[in-house]
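Residue-level listing of the chains:
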Amino acid sequence: MTVKARQHACSNANAVFRDPVTVEQVLASPTLFKSLTRLQACPPTNGAAAVIVCTSDFARAHNIDSGARILGQGLATDTAASFDPDDLSGVVGYGVTERAAAVAYEQAGLGPGDVDVVELHDCFTVSEILGYEALGLTAPGTSEKFIDAGDNTYGGRVVVNPSGGLLSKGHPIGATGLAQITELTQQLRGAVADGRQVKGARIGLQHNIGVGGAGVVTVVG
(Lines give C-alpha, C1' and ligand atoms only; values in the text may rest on other atoms or scores of the structure.)
Protein backbone atom coordinates (compact mmCIF):
# COMPACT_ATOMS: atom_id res chain seq x y z
CA MET A 1 0.00 0.00 0.00
CA THR A 2 2.76 2.43 0.89
CA VAL A 3 4.62 1.70 -2.34
CA LYS A 4 1.45 2.49 -4.33
CA ALA A 5 0.77 5.58 -2.22
CA ARG A 6 4.22 6.99 -2.94
CA GLN A 7 3.89 6.24 -6.66
CA HIS A 8 0.62 8.19 -6.74
CA ALA A 9 2.00 11.03 -4.63
CA CYS A 10 4.91 11.67 -7.00
CA SER A 11 2.61 13.93 -9.03
CA ASN A 12 0.97 15.65 -6.06
CA ALA A 13 2.76 18.83 -5.05
CA ASN A 14 0.69 18.95 -1.84
CA ALA A 15 1.86 15.54 -0.61
CA VAL A 16 4.33 15.42 2.29
CA PHE A 17 6.14 12.30 1.07
CA ARG A 18 6.75 12.06 -2.68
CA ASP A 19 9.90 9.95 -2.90
CA PRO A 20 9.33 6.35 -4.05
CA VAL A 21 9.96 3.45 -1.67
CA THR A 22 10.29 -0.29 -2.17
CA VAL A 23 8.54 -3.12 -0.36
CA GLU A 24 11.88 -3.99 1.24
CA GLN A 25 12.28 -0.46 2.59
CA VAL A 26 8.75 -0.49 4.00
CA LEU A 27 9.29 -3.79 5.81
CA ALA A 28 12.73 -2.76 7.08
CA SER A 29 11.54 0.52 8.60
CA PRO A 30 11.28 0.70 12.42
CA THR A 31 8.63 -1.52 13.99
CA LEU A 32 5.62 0.16 15.58
CA PHE A 33 3.66 -2.92 16.63
CA LYS A 34 4.23 -6.55 15.67
CA SER A 35 4.43 -6.60 11.84
CA LEU A 36 3.35 -2.96 11.46
CA THR A 37 6.27 -0.71 10.57
CA ARG A 38 6.67 3.06 10.49
CA LEU A 39 6.24 3.29 6.72
CA GLN A 40 2.90 1.50 7.03
CA ALA A 41 1.49 4.35 9.12
CA CYS A 42 0.45 7.82 7.98
CA PRO A 43 2.15 10.94 9.34
CA PRO A 44 0.04 13.32 11.46
CA THR A 45 0.38 16.67 9.73
CA ASN A 46 -0.96 20.20 9.54
CA GLY A 47 -3.12 21.26 6.63
CA ALA A 48 -6.33 22.89 5.50
CA ALA A 49 -9.06 22.29 2.94
CA ALA A 50 -12.23 24.11 1.95
CA VAL A 51 -15.17 23.34 -0.32
CA ILE A 52 -18.28 25.21 -1.46
CA VAL A 53 -21.49 23.21 -1.16
CA CYS A 54 -24.42 24.72 -3.03
CA THR A 55 -27.44 23.91 -5.17
CA SER A 56 -27.22 23.45 -8.93
CA ASP A 57 -29.21 26.68 -9.38
CA PHE A 58 -26.73 28.64 -7.26
CA ALA A 59 -23.80 27.16 -9.19
CA ARG A 60 -25.30 28.17 -12.53
CA ALA A 61 -26.17 31.68 -11.30
CA HIS A 62 -22.61 32.26 -10.11
CA ASN A 63 -20.85 30.53 -12.99
CA ILE A 64 -19.42 27.83 -10.71
CA ASP A 65 -18.18 24.66 -12.38
CA SER A 66 -20.61 22.02 -11.08
CA GLY A 67 -18.65 19.10 -12.50
CA ALA A 68 -19.11 17.23 -9.22
CA ARG A 69 -22.37 16.67 -7.33
CA ILE A 70 -23.11 14.86 -4.09
CA LEU A 71 -25.12 11.85 -5.26
CA GLY A 72 -25.30 10.06 -1.92
CA GLN A 73 -23.86 10.28 1.56
CA GLY A 74 -23.98 7.97 4.55
CA LEU A 75 -22.93 8.52 8.15
CA ALA A 76 -22.57 5.72 10.70
CA THR A 77 -21.34 5.42 14.27
CA ASP A 78 -20.08 2.60 16.46
CA THR A 79 -22.54 0.05 17.80
CA ALA A 80 -22.03 -2.73 20.33
CA ALA A 81 -20.96 -4.98 17.44
CA SER A 82 -17.97 -2.69 16.86
CA PHE A 83 -16.43 -4.08 20.04
CA ASP A 84 -17.00 -7.78 19.40
CA PRO A 85 -13.89 -9.46 20.90
CA ASP A 86 -14.05 -12.17 18.22
CA ASP A 87 -13.83 -9.70 15.33
CA LEU A 88 -11.45 -6.81 15.94
CA SER A 89 -12.05 -5.34 12.48
CA GLY A 90 -15.05 -3.60 14.02
CA VAL A 91 -12.83 -1.63 16.38
CA VAL A 92 -11.04 -0.01 13.42
CA GLY A 93 -14.22 0.92 11.59
CA TYR A 94 -15.11 -1.99 9.28
CA GLY A 95 -18.78 -2.10 10.27
CA VAL A 96 -19.05 1.70 10.40
CA THR A 97 -17.67 1.89 6.85
CA GLU A 98 -19.91 -0.90 5.59
CA ARG A 99 -23.09 0.70 6.94
CA ALA A 100 -22.23 4.22 5.77
CA ALA A 101 -21.36 2.90 2.30
CA ALA A 102 -24.67 1.04 2.02
CA VAL A 103 -26.59 4.27 2.66
CA ALA A 104 -24.48 6.30 0.24
CA TYR A 105 -24.80 3.73 -2.55
CA GLU A 106 -28.57 3.46 -2.06
CA GLN A 107 -29.06 7.24 -2.17
CA ALA A 108 -26.92 7.50 -5.30
CA GLY A 109 -28.62 4.56 -7.01
CA LEU A 110 -25.16 3.19 -7.73
CA GLY A 111 -22.91 0.41 -6.52
CA PRO A 112 -19.19 -0.22 -5.98
CA GLY A 113 -18.83 -1.40 -9.57
CA ASP A 114 -19.78 2.08 -10.81
CA VAL A 115 -16.93 3.82 -8.98
CA ASP A 116 -13.91 5.04 -10.97
CA VAL A 117 -11.83 6.76 -8.31
CA VAL A 118 -11.68 6.51 -4.51
CA GLU A 119 -10.14 8.54 -1.72
CA LEU A 120 -10.24 6.35 1.39
CA HIS A 121 -8.93 6.65 4.94
CA ASP A 122 -5.58 4.82 4.81
CA CYS A 123 -4.26 5.84 8.22
CA PHE A 124 -2.47 2.48 8.22
CA THR A 125 -1.86 0.07 5.36
CA VAL A 126 -4.16 -2.50 6.94
CA SER A 127 -6.92 0.12 7.13
CA GLU A 128 -6.82 0.50 3.36
CA ILE A 129 -6.99 -3.26 2.88
CA LEU A 130 -10.02 -3.55 5.17
CA GLY A 131 -11.56 -0.53 3.45
CA TYR A 132 -11.54 -2.26 0.06
CA GLU A 133 -13.85 -4.95 1.39
CA ALA A 134 -15.99 -2.76 3.66
CA LEU A 135 -16.70 -0.43 0.73
CA GLY A 136 -17.57 -3.37 -1.51
CA LEU A 137 -14.75 -2.70 -3.96
CA THR A 138 -13.84 -6.37 -3.66
CA ALA A 139 -15.59 -9.30 -1.97
CA PRO A 140 -14.77 -10.20 1.65
CA GLY A 141 -11.52 -12.12 1.85
CA THR A 142 -10.33 -11.12 -1.62
CA SER A 143 -8.28 -7.97 -0.95
CA GLU A 144 -5.04 -9.83 -1.58
CA LYS A 145 -6.12 -10.86 -5.08
CA PHE A 146 -7.50 -7.35 -5.70
CA ILE A 147 -4.10 -5.86 -4.86
CA ASP A 148 -2.02 -8.48 -6.69
CA ALA A 149 -4.07 -7.90 -9.85
CA GLY A 150 -3.36 -4.17 -9.69
CA ASP A 151 -7.07 -3.41 -9.52
CA ASN A 152 -6.47 -0.62 -6.99
CA THR A 153 -4.35 1.63 -9.21
CA TYR A 154 -4.02 3.08 -12.70
CA GLY A 155 -4.85 0.53 -15.37
CA GLY A 156 -6.89 -1.53 -12.89
CA ARG A 157 -10.58 -1.59 -12.01
CA VAL A 158 -10.55 1.50 -9.77
CA VAL A 159 -7.87 4.02 -8.77
CA VAL A 160 -7.58 4.25 -4.99
CA ASN A 161 -6.03 7.35 -3.43
CA PRO A 162 -4.59 9.06 -6.51
CA SER A 163 -3.57 11.89 -4.16
CA GLY A 164 -1.20 9.54 -2.36
CA GLY A 165 -3.68 9.10 0.46
CA LEU A 166 -2.95 9.74 4.11
CA LEU A 167 0.13 7.53 3.88
CA SER A 168 1.88 9.99 1.56
CA LYS A 169 -0.21 13.16 1.50
CA GLY A 170 -0.40 13.31 5.29
CA HIS A 171 -3.29 13.25 7.76
CA PRO A 172 -4.25 16.78 8.92
CA ILE A 173 -7.09 15.27 10.99
CA GLY A 174 -9.85 17.89 10.70
CA ALA A 175 -9.03 18.73 7.09
CA THR A 176 -8.73 15.15 5.84
CA GLY A 177 -12.34 14.61 4.73
CA LEU A 178 -12.57 17.87 2.79
CA ALA A 179 -9.15 17.23 1.24
CA GLN A 180 -10.52 13.93 -0.08
CA ILE A 181 -13.56 15.66 -1.55
CA THR A 182 -11.32 18.30 -3.11
CA GLU A 183 -9.20 15.64 -4.83
CA LEU A 184 -12.28 13.82 -6.14
CA THR A 185 -13.87 17.04 -7.40
CA GLN A 186 -10.74 17.89 -9.32
CA GLN A 187 -10.54 14.36 -10.69
CA LEU A 188 -14.13 14.46 -11.95
CA ARG A 189 -13.50 17.84 -13.57
CA GLY A 190 -10.41 16.48 -15.30
CA ALA A 191 -8.43 19.24 -13.64
CA VAL A 192 -5.66 17.21 -12.01
CA ALA A 193 -2.06 17.24 -13.21
CA ASP A 194 -1.51 14.66 -15.94
CA GLY A 195 0.59 12.48 -13.68
CA ARG A 196 -2.35 11.46 -11.49
CA GLN A 197 -5.48 12.27 -13.50
CA VAL A 198 -7.80 9.26 -13.69
CA LYS A 199 -8.87 9.30 -17.32
CA GLY A 200 -12.60 9.34 -17.89
CA ALA A 201 -13.45 9.45 -14.17
CA ARG A 202 -17.20 9.98 -13.71
CA ILE A 203 -17.99 8.60 -10.25
CA GLY A 204 -15.92 9.18 -7.13
CA LEU A 205 -16.14 7.67 -3.65
CA GLN A 206 -14.94 9.34 -0.44
CA HIS A 207 -14.40 7.48 2.85
CA ASN A 208 -13.33 8.96 6.18
CA ILE A 209 -13.43 7.47 9.65
CA GLY A 210 -12.54 8.35 13.22
CA VAL A 211 -11.92 5.45 15.54
CA GLY A 212 -14.32 5.36 18.45
CA GLY A 213 -16.05 6.68 16.37
CA ALA A 214 -17.91 7.57 13.28
CA GLY A 215 -17.48 7.28 9.55
CA VAL A 216 -18.76 9.01 6.45
CA VAL A 217 -18.95 7.76 2.87
CA THR A 218 -19.83 10.08 0.00
CA VAL A 219 -20.59 9.29 -3.64
CA VAL A 220 -19.87 12.17 -6.01
CA GLY A 221 -20.42 12.38 -9.73
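Everything that follows concerns the structure shown earlier in this document.
Presented here is an overview of the structure given in this document.

The rules behind each value
- Residues numbered from 1 in each chain as written.
- Predicted model: local features only at pLDDT ≥ 70, side-chain atom pairs only at ≥ 80, totals over all residues.
- Heavy atoms only, no water.
- Helix = DSSP H or I, 4+ residues; strand = E, 2+ residues; numbered from the N terminus.
- Rg over C-alpha atoms; globule rule 2.2 N^0.38 Å.
- Buried < 20%, exposed > 50% of the residue type's maximum accessible area, 1.4 Å probe, protein only.
- Contact = heavy atoms within 4.5 Å.
- Areas by Shrake-Rupley, 256 points an atom, 1.4 Å probe, with all protein chains shown as cover.
- Lys, Arg positive; Asp, Glu negative; His and termini not counted.
- Charge placed at Lys NZ, Arg CZ, Asp CG, Glu CD.
- Phe/Tyr/Trp six-rings, centres within 6.5 Å; stacked < 30°, edge-to-face > 60°.
- Pairing = 2+ DSSP bridges.
- Core = buried A, V, L, I, M, F, W, Y, C linked by side-chain atoms within 4.5 Å.
- Salt bridge = Lys/Arg side-chain N within 4 Å of Asp/Glu carboxyl O.

To continue, consider the overall build of the protein chain. Per the secondary structure count, the protein chain includes 8 helices and 7 strands. By the compact-globule yardstick of 17 Å for 221 residues, the protein chain fits well, its C-alpha radius of gyration being 17 Å. Across its three principal axes, the protein chain shows a C-alpha extent of roughly 55 × 40 × 35 Å. Split into buried and exposed, the 221 residues of the protein chain put 47% on the buried side. Taking all contacts inside the protein chain whose residues are at least 6 apart in sequence as the whole, residues at least 24 apart take part in 67%. Accessible surface computed for the protein chain: about 11100 Å², of which carbon and sulfur atoms make up 55%. In the protein chain, 15 positive and 21 negative side-chain charges are present, and the distance between their average locations comes to 7 Å.

Our next topic: unusual backbone geometry. Trans is the common state for peptide bonds, and a negative phi is the common state for residues other than glycine. Located in the positive-phi region is Asn63, a residue other than glycine, with phi close to 55°. Tracing the backbone through its elements, the reader meets Asn63 in the loop between helix 3 (56-61) and strand 3 (70-77). The phi dihedral of Ile173 falls on the positive side, at around 50°, and the residue is not glycine. Note that Ile173 resides in the loop between helix 7 (165-169) and helix 8 (176-189). In this structure Ile173 comes out as exposed when scored by relative accessible area, which is 55%.

On to the packing of aromatic side chains, then. The full count for this structure, using the stated rule, is 1 aromatic pair. On the numbers, 5.0 Å between centres and 65° between planes, the contact of Tyr132 with Phe146 is edge-to-face. Here Tyr132, found in helix 5 (residues 125-134), pairs with Phe146, found in helix 6 (residues 143-148); they are 14 residues apart in sequence, far enough to count as distant. Overall, Tyr132 belongs to the buried group, its relative accessible area being 0%.

Where burial is concerned, most of strand 6 (residues 204-210) is hidden: 6 out of the 7 residues are buried. As paired strands, strand 4 (residues 117-119) and strand 6 are joined by 3 bridges and run parallel to one another. Pairing of Val117 across the sheet is with Gly204, part of strand 6. Summarising the sheet, strand 6 and strand 7 (residues 214-220) pair through 7 bridges and their orientation is antiparallel. Looking at strand 7, one finds that Gly210 is bridged to Ala214.

Inside soluble globular proteins, nonpolar side chains tend to come together where they are buried. Val118, Leu135 and Leu205 are the most contacted members of the largest nonpolar core, which has 26 residues in total. Mapped by element, the contributors of at least two residues to this core are helix 4 (94-108), helix 7 and strand 7. With 6 residues, the top contributor of residues to this core is helix 4. Sequence-distant contacts of Leu205, that is, excluding residues within four places in its chain, are made with Tyr105, Val115, Val117, Val118, Glu119, Leu135, Leu184, Val217, Thr218 and Val219.

What follows covers helix 5. Within helix 5, 7 of the 10 residues are buried, leaving the element largely enclosed by the surrounding structure. Here helix 5 has its buried residues at Thr125, Ser127, Glu128, Gly131, Tyr132, Glu133 and Ala134. In this structure, the buried residues of helix 5 make contact with helix 1 (2-9), strand 2 (36-37), helix 4, helix 6, strand 5 (159-160) and helix 7. Note on helix 5: the residue one or two positions beyond its end, Gly136, has a positive phi of about 80°.

Inspection of the secondary structure assignment puts Asn12 in the loop between helix 1 and helix 2 (23-28). Look at Asn12 and you get buried, because its relative accessible area is 3%. Residues Asn12 and Gly204, spaced 192 residues apart in sequence, show a C-alpha to C-alpha distance of 18 Å.

Turning our eyes to something else, we now look at the pattern of salt bridges. Summed over the entire model, instances satisfying the criterion amount to 3 salt bridges. The partner of Glu128 in a salt bridge is Lys4, and the shortest N-O contact between them spans 2.9 Å. Here the residue Glu128 occupies a position in helix 5, and Lys4 occupies one in helix 1, the gap between them amounting to 124 residues. Each member of the pair, Glu128 as well as Lys4, carries the same accessibility label: buried. Notably, a salt bridge pairs Asp57 with Arg60, separated by 2.3 Å at the nearest N-O pair. Here Asp57 pairs with Arg60, and both are found in helix 3, just 3 residues apart, close to one helical turn.

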